[in-house]
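Overview (structure and organization)
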Amino acid sequence: MDVDVLDRILAARPKVTATDLSPLLQEIQVGYGYLPPGVLLEMSRRTGIPASQIYGVATFYEQFHLEPHGRHTVRCCRGTACHVKGGHGMIQAVSRELGIAEGETTADMRFTFETVACLGTCFLAPVVMVDKDYYGNMTPTRVRGILDRYK
Amino acid sequence: MPEIKATINGNVLMGSAGQTVLGLAQAHGIEIPNLCHDPRLRPAGACRLCLVEVAGQRGLVPACTFQVADGMVVQTETEEIRAIRKTVLELLFAEHRGICTTCDKNGDCRLQKYGYEYQIADTAFAAPEANGNGKNYTTGNEAIRYRPEKCIRCGRCIRICQEVQMDSALTFKDRAAWVEVSTAFEMPLNDSTCKLCGQCISTCPTGALYERAAGGKGQAKDLTRTRTTCIYCGVGCQIDLNVNGNNQIVRVTSPVGVVPNNGNLCVKGRFGMEFVQSDKRLTTPLIKRDGVFQEATWDEALAVIAARFNEIKSAYGADGIGGLSSAKCTNEENYIFQKFMRAAVGTNNVDHCARLCHASTVAGLAKAFGSGAMTNSIDEIKHAGCIFVIGSNTTEAHPVIGLAIKEAVVRNGAKLIVADPRGIDLVRFAAVHLAHQPGTDVALINAMMNVIVSEKLHNEPFIRERTEDFAALLEVVRDFTPEKAEAITTVPAEAIRQAARLYATAPSSSIIYSMGITQHTTGTDNVLALANLALLTGNVGKESAGVNPLRGQNNVQGACDMGALPNVYPGYQSVEDALLRVKFQQAWGVALPEQKGLTVVEMMHAVEHDEIKALYIMGENPALSDPNLNRTRKAIEKVDFMVVQDIFLTETAEYADVVLPSTCFAEKDGTFTNTERRVQRVRKAVVPPGEARHDWEILCDLAGRMGYPMAYGSAAQIMDEIAALTPIYGGISFDRLQTAGLQWPCPNRQHPGTKYLHTDRFTRGKGKFHAVAFQSPAETPGQEFPFVLSTGRQLYQFHTGTMTRKSRAIHQVSPTGYVEVHAEDAVRLGIADGQMVEVSTRRGRVTTPARVTTGIEKGWLFMPFHFCEGPANALTQDALDPVAKIPEYKVCAAQIRAVP
C-alpha cells in the first residue's frame, strides 16, 4: 500500500479531527483516484478518528468511491428536463459504447459511467458530462465522438 | 441545581434546571413514548416519538432534547400528538420487516409495545426498496447477531459504542433506504475495535441486536428474570439472569439506573455464563481409588474426609491441615469455611487467593489509614478532577470501572495520568503516560512527591491536622529528584513533573491501582508510597478522591472481610488479640488456636517440609494460578490428603483424593462484597446439576461428622451471625439488601452504609506517612534471561479460564494464550506475529504463540495467565513481599526464542 500521498495530505494539516473528514476524504480521492480502504484504515490509526466514522462518511456521500474509479467519469443526466428530451437514449448509447452498465468501470480503467439526478443545466437538455466538461443538446450519434476525445 | 416548577398534563411538578421534559416526566412516573432514548446516552431527538406540546412553542418539540423552564406548561397526550405518533410508528413499521411471532424479543420490545398501544396499521405505507449490499458485520459472530430487517435506525447501538463504551466500532453505512448499521468496511465484528461488551444489544429497542446463542431458546415474555451479582470481577455488576422453562440461562440483561453498573456490562458478564449449564460440571462426589476417580455418595465421601482429617489431626496436630477458601464463593460460605477451619479443625491455616492479589493492599493501607479497602466509591470516579491510574489495565480487568474513568475524562474533563509499562487502552484518554520499567513504582511515586514538596504543592493544613510522621517522608523524598527517577524508571523527568503537578493541583485526585502495584516483592512499599502521595496532597477522606485498589475477583473483598485470612477473624479482628479471641470462642463455643496461620504460598512450602499433611481447597485452582507452578504442583502431588470442592474438575482437582461437587453462583443465595465495599445479593436462578450442594451446607455437614455441629437454615441466617460478630457488617441483613447493596462500614441496622472512608478521622486515628525507599525487583534481567516478563489478565478471560473458556462467544475471540513481544525485538530474534515461541525463566519453559506489538516497551514480555496450555505461572517466581507474603507475578527475568 502506498501511503506517500496520505503522508503528504496529513502533513499539510497540523491537527486532524473528525470535523475535517469531508475535505480529507476529497483530497485522498484526488490523490489516489478513489478511497482505498487500506489507506482509510491507516488514516484512522494515525489520526485516532474511528474507522467506523470514516466509513460512515465515505458511504454517505455519492461523490466518494471505495473502489478504483476510471480515469474519466461520464455522467448522464436523468433529471426531468433531460428525460423528456430523450435523455434515456444517451444512457443507452453510453452504455453500448463502453460496454458497461451504469455504476461500472471499463476494464481498461478508462471510464466510469454514472447517472445523476440532475446536472443543473436543464436549458441544455439532454446533457452528458465527461469529467468537468458539459455536452448539451446531445444526440446518441454524438456519443462516440465525444468519448474518443478522452484517452 | 436551582429548582424549577413546570406543569405536565395539568400536574405541577418540581424539577431542576438542565432537566429535559422527558426526564422530568419520567421522574414523576409520566410516560412519554420514546425509541431512541437511553438515559446512558446524550439525547438525540431522532425517533420523533416523544413529541409534546409546550405552550408558547411553535409546533411540537421532542421531549428528550427540550429542557424544562420555570413555569413551562406541557401536554403529552393530545389528540394531535397521538395522531402524529401513530403516523411516525406506521412509517417505522413500513421499514420494520420482522414479525413478533418468531422474534426472541417478543414481550420486551418497545416498538411492539407502542405499535399495540397506538393500534397502528402496519401496511399504511409501502415498504421502501431494501437494497443494501447484503453484507452483515455479524455474520459468523458467536456473540452478537444483527438483523437489519428488525432495525429501526435509531442509532442507539452506534451511540452507546461511541459515547459510553468509547470504542466506536459501529456506524451507519449508506443513505436513505439503504442505511444499515455496520462496522468499518463491514469487517467482521471481532476484527474491528469492538470489545464484545454487548452494550449495543442492551440498548436496542427492538430485536435487531440480540445474543446469537439466545436465539430460539425462549421469547422475552416467557423468561424469568432473577437479579443477582456478576461473578467476573470486583465491580459487582448487577445482572438479571433470564431463565426459560427448561432451567436454561438464555441471556444476561442488566437494569439501567441500578448501582454500580447502570445497565453496563462487559463481555464476560454478558456472554460468559455458558459454564453454568456445561456438561462438564461436577455432579457427584468423587473418591480417588488406585489413582482413578470413582463416583461416590455424599455419605461415603464425607465419611472419608472426616476420618482422614481426624487421623491427621491426632497424628500431627490441627496445624497439619491447611485450607484455601475462595474469593469466588459468597460471604456466607467464606465465613463458614474459616469457621470450619478454626472451630472444627482447630487451625488458623486458612487463606485464599487475596494473598496473590491484594495482600499488600490490606497490609499497606491498614498501616497507613487503618483499613485496607477502596476508600471511595465507583460512582465518584466520574467526578474526580484528576485520576491517577497505576498498575491497573482497568478497561480489561475492570471494564465497567474503565467506563467511569473514560466518562470522567471525555464528558467531565478530568485529567488522566496512566502509569503502566504497556500502552494499555486507557492511554488513548491520558494527559500523561508514564511507561515506567516494571518494578520501579516506588521510584516514580517518590519522585512525584519530590516535585510536589519542592514546588510547595502539598497540603500543609491537612498534613498538620490529619497525619503523622511527615518528617520521615521528607527525609526520603527530599533528594529523590525526577532526574534520579528517570535513571531508574526510564520515564522522562519532565513527564514526572507534569504528572505530579496534575495530581497535586486538581480539586480532587483519585488514585486507582491494581495488581501492577501489589504483585511485587515490594508490593506493600508500593501501596504505602501511594498512600503517602494521597496524604501529602490531602486527597483522602473526601469525595472523588482517595486511594482505590480495584479488587480482582467478584468476592475477594468479602472473603477478606469474612476472615478467610490466617491472621484475622471476620472484620479484620486479630486472632492474636486475646479479647477478640475470647469473643469468638464464646460465640462458637470452642477453644480457638492462638497463633496466626500460614499464607497460601507458605502452605505450599510447608507441604514440602512435611508440616502440612492435608489440604482442603474450596473453589480455587492453585495448580494454574499460583506462582512457580512446577513447585506448587509438586506440593499438591506430595500432600498426603487433599479435598477439592469445586464446580469443575479443575487442574487442581485432578490431584485431589476426594472431589466434592458444589453449586455455582446462579444456583444459590448469598452475598458478595464488591471492590467499593458494597455488600450485594446473590440469588438462586436455576436448579443445580446432579447432586451438587451449596459449599456452606457441605462444610456444615462435614463439621458435624468431625464432632463440631454447625447448622443453619439459610444463607440469611449465616449473615445474621456474621453481623453479630463483625462490627463493620453489624447493620447488614438480607432484608436490607433487597433493592440495593450496602457499603461497609455499616455498624447498625439504622446505618445507611459508608460511601467514602476516613472523612473526619482515619480508621487508625491519624494518617501515617511511611518512609519508603526504592528497592529493585527480586529478579532483574541479565545475560541468560535478558527480558522482563510480566503477567496479567486480558479482557475476555477470567482467572484460570475454568468458567470463561466454556463460552463459545469468548472462545471465538480469545482461543488461546500468547506472549506479547515488541516489534523490534521480534525482528531481531526472527519472530513473526502468530509464530510459536518458547519463553523460559529459571523455573520453567512454555511454548505459546507470539503476539508482535508496539504496545509494549522493548525488552519486555507480557503473558496472560488464564491458559492451561502454555501456563504463564510455570515461569513466574514465588519470591514474596516480606510483609504481605504476596509473590512477584509482575517481574521476572526471561528469555524468548522462536520455535523452529
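Since we're looking at a predicted model, the values are computed, not measured.

**Examining the overall build of chain A**
- A tally of helices and strands in chain A yields seven helices and four strands.
- If you list the helices and strands of chain A from N to C, you get α-α-α-α-β-α-α-β-β-β-α.
- Seen through its C-alpha atoms, chain A measures out along the principal axes to roughly 50 × 30 × 25 Å.
- Scored against the burial criterion, the 151 residues of chain A give a buried share of 26%.
- In chain A, the proportion of contacts linking residues at least 24 apart, taken out of those at least 6 apart, comes to 60%.

**Looking at the overall build of chain B**
- Secondary structure assignment for chain B yields 29 helices and 37 strands.
- A globule of 900 residues ought to have a C-alpha radius of gyration of about 29 Å, and chain B, at 28 Å, matches this closely.
- Principal-axis analysis of the C-alpha atoms places the extent of chain B at approximately 85 × 70 × 65 Å.
- In chain B, buried positions account for 59% of the 900 residues.
- In chain B, 72% of the contacts between residues at least 6 apart in sequence involve partners at least 24 apart.

**Here we look at the sheet that holds strand S26 (residues 641–646) of chain B**
Residue and element names in this part refer to chain B.
- With mixed pairing, the seven strands of this open sheet are ordered in space as S14-S13-S27-S26-S25-S15-S16. Each of the sheet's edge strands pairs with one partner strand only, and the pair in question is strand S14 (292–295) and strand S16 (350–351).
- Where strand S15 (residues 321–324) meets S16, two bridges bridge the pair, whose relative direction is parallel. Paired with Leu324 across the bridge in S16 is Asp351.

**Some remarks on helix H16 (residues 470–477) of chain B**
Residue and element names in this part refer to chain B.
- Those residues of H16 lying buried are Leu473, Val476 and Val477. In an axial view of H16, the angular spread of the buried residues amounts to 85°, which keeps them on one side of the axis. Facing away from the buried surface of H16 by more than 90 degrees, the exposed residues are Ala471 and Glu475.
- Those residues of H16 hidden inside the fold are in contact with helix H14 (441–454) and helix H20 (523–536).

**Here's the deal with the domain arrangement of chain B**
- Domain annotation of chain B identifies domain 1 (3–77), domain 2 (127–277), domain 3 (286–357 + 555–740), domain 4 (375–549) and domain 5 (787–898).
- For domain 1 of chain B versus domain 4 of chain B, the separation of C-alpha centres amounts to 42 Å.

**Brief notes about unusual backbone geometry**
- Cis peptide bonds are those with omega within 30 degrees of zero, and the linkage from B:Val259 to B:Pro260 qualifies with 0°.
- By the secondary structure assignment, B:Pro260 is in the loop between strand S12 (249–253) and helix H6 (267–271).
- Going from B:Trp744 to B:Pro745, the amide bond is cis rather than trans, its omega being 0°.
- On the secondary structure map, B:Pro745 appears in the loop between strand S30 (742–743) and strand S31 (767–768).
- Of note, the phi angle at A:Asn137 is positive, near 50°, even though the residue is not glycine.
- Along the chain, A:Asn137 turns up in the loop between strand S4 (133–135) and helix H7 (143–148).
- Owing to 11 C-beta atoms within 10 Å, A:Asn137 belongs among the exposed residues under this scheme.
- If you check the backbone angles, B:Leu196 has positive phi at about 55° while not being a glycine.
- Given 26 C-beta atoms within a 10 Å radius, B:Leu196 is considered buried.

**Quick word on the sheet that holds strand S28 (residues 670–673) of chain B**
All names here are of chain B.
- Read from one edge of the open sheet, three strands run S28-S29-S30, paired in antiparallel fashion. Looking at the sheet topology across the chains shown, the edges are occupied by S28 and S30.
- Bridging between strand S29 (residues 678–682) and S30 involves two bridges; their strand directions are antiparallel. In the sheet register, Arg678 faces S30, and the bridge partner there is Gln743.

**Here we look at the environment of B:Arg843**
Residue and element names in this part refer to chain B.
- Summarising the element assignment, Arg843 is placed in the loop between strand S34 (836–840) and strand S35 (845–853).
- Sequence spacing of Arg843 and Arg631 is 212 residues, and the spatial spacing of their C-alpha atoms is 8.7 Å.
- Beyond its immediate sequence surroundings of up to four residues, Arg843 is in contact with Asn628, Asn630, Ala874, Leu875 and Gln877.

**Here's the deal with helix H26 (residues 695–705) of chain B**
Residue and element names in this part refer to chain B.
- Taken together, the buried positions of H26 are Asp695, Trp696, Ile698, Leu699, Cys700, Leu702 and Ala703.
- Summarising the contacts, the buried residues of H26 are in contact with helix H7 (298–316), helix H8 (331–345), strand S25 (614–618), S26, strand S27 (658–661) and helix H27 (715–725).
- Positive backbone phi, at 100°, marks Gly707, one or two positions downstream of H26.

The rules behind each value
Residues numbered from 1 in each chain as written. Chains lettered and ligands numbered in written order. Predicted model: local features only at pLDDT ≥ 70, side-chain atom pairs only at ≥ 80, totals over all residues. Helix = DSSP H or I, 4+ residues; strand = E, 2+ residues; numbered from the N terminus. Buried ≥ 20, exposed ≤ 12 C-beta atoms within 10 Å, placed from the backbone. Contact = placed C-beta atoms within 7 Å. Rg over C-alpha atoms; globule rule 2.2 N^0.38 Å. Pairing = 2+ DSSP bridges. Arc of directions from axis to C-beta. Domains from an automatic or database assignment.

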